[in-house]
Amino acid sequence: MVKVVRKVARKSAATGTMNTAAAEVRASIRTVLASWSGLVAEERHLRPPARDVPALARFLGRHVDWLTRHPAAGDLADEIRELSRRASNVVDPNGVRRVHIGDCPDIDCEGNLVALIRTHGDRLPTEIVCTASDAHTWPATWWTRLARRMRTQGEVR
Ligand SMILES: [Zn+2]
């Protein structure tokens, strides 16, 4: 009984961390959009929109042409870019997206090739790896050769 309770508690704690990070980004998005909507409303003598993300985003979208000519347009772009980066971090914390690209062209290999695309940070180059063997990796500089080899392999089969 005690064991079960502990298990449940641990699981909800992990979920809580994830939700907290998501909630924080969401709150920041609302704050930033509300602040820029407030600026638009004040300077254009309009009624500010409801303080929820879809309404704020729609409002800013309607005034985007005016905003791009505003002296603070650079700050707006920087803040939106930063929010977008933070939101991506919550959705995809490892920053690696796996894209299936086809069968491994190595002879007798049953593996699939997967492109590892790093969505932020450039610590390691994006590469293509084989699901069956660590030896079958294709760094970005070899992709033309890989494409030729996959094409040739396709013709043989
Ligand atoms: Zn392989």
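This text follows the structure it describes.
These numbers were taken from a predicted model, which means no experiment stands behind them.

Visitor: Account for the packing of aromatic side chains, naming residues and giving values.
Guide: This model, assessed by the stated rule, comprises one aromatic pair. In this arrangement the basic side chain of R145 is found over the ring face of W142, its NZ or CZ atom lying 4.9 Å from the centre.

Visitor: Lay out the coordination of the zinc ion with the relevant residues and their values.
Guide: Protein coordination of the zinc ion is provided by C104 (SG), C109 (SG), C130 (SG) and H136 (ND1), with donor distances spanning 2.0 to 2.3 Å. Bound by four donor atoms, the zinc ion shows angles of 102 to 115° at the metal and therefore tetrahedral coordination geometry. The sequence pattern formed by the donor residues of the zinc ion is C-x4-C-x20-C-x5-H. For C104, a relative accessible area of 1% translates into the label buried.

Visitor: Give a detailed account of helix α2 (residues 53–62), specifying residues and quantitative values.
Guide: V53, A55, L56, F59 and L60 are the residues of α2 that are buried. Projected onto a plane normal to the axis of α2, the buried residues spread over an arc of 165° and lie on a single side. Exposed positions of α2 whose direction lies more than 90 degrees from the buried face are R58 and R62.

Criteria and cut-off values
Residues numbered from 1 in each chain as written. Predicted model: local features only at pLDDT ≥ 70, side-chain atom pairs only at ≥ 80, totals over all residues. Heavy atoms only, no water. Phe/Tyr/Trp six-rings, centres within 6.5 Å; stacked < 30°, edge-to-face > 60°. Lys NZ or Arg CZ within 6 Å of the ring centre and 35° of its normal. Donors = N, O, S within 2.8 Å, 3.2 Å for Na, K, Ca; no water. Tetrahedral: all angles 85-135°; square planar, octahedral: opposite > 155°, others 65-115°. Buried < 20%, exposed > 50% of the residue type's maximum accessible area, 1.4 Å probe, protein only. Helix = DSSP H or I, 4+ residues; strand = E, 2+ residues; numbered from the N terminus. Arc of directions from axis to C-beta.

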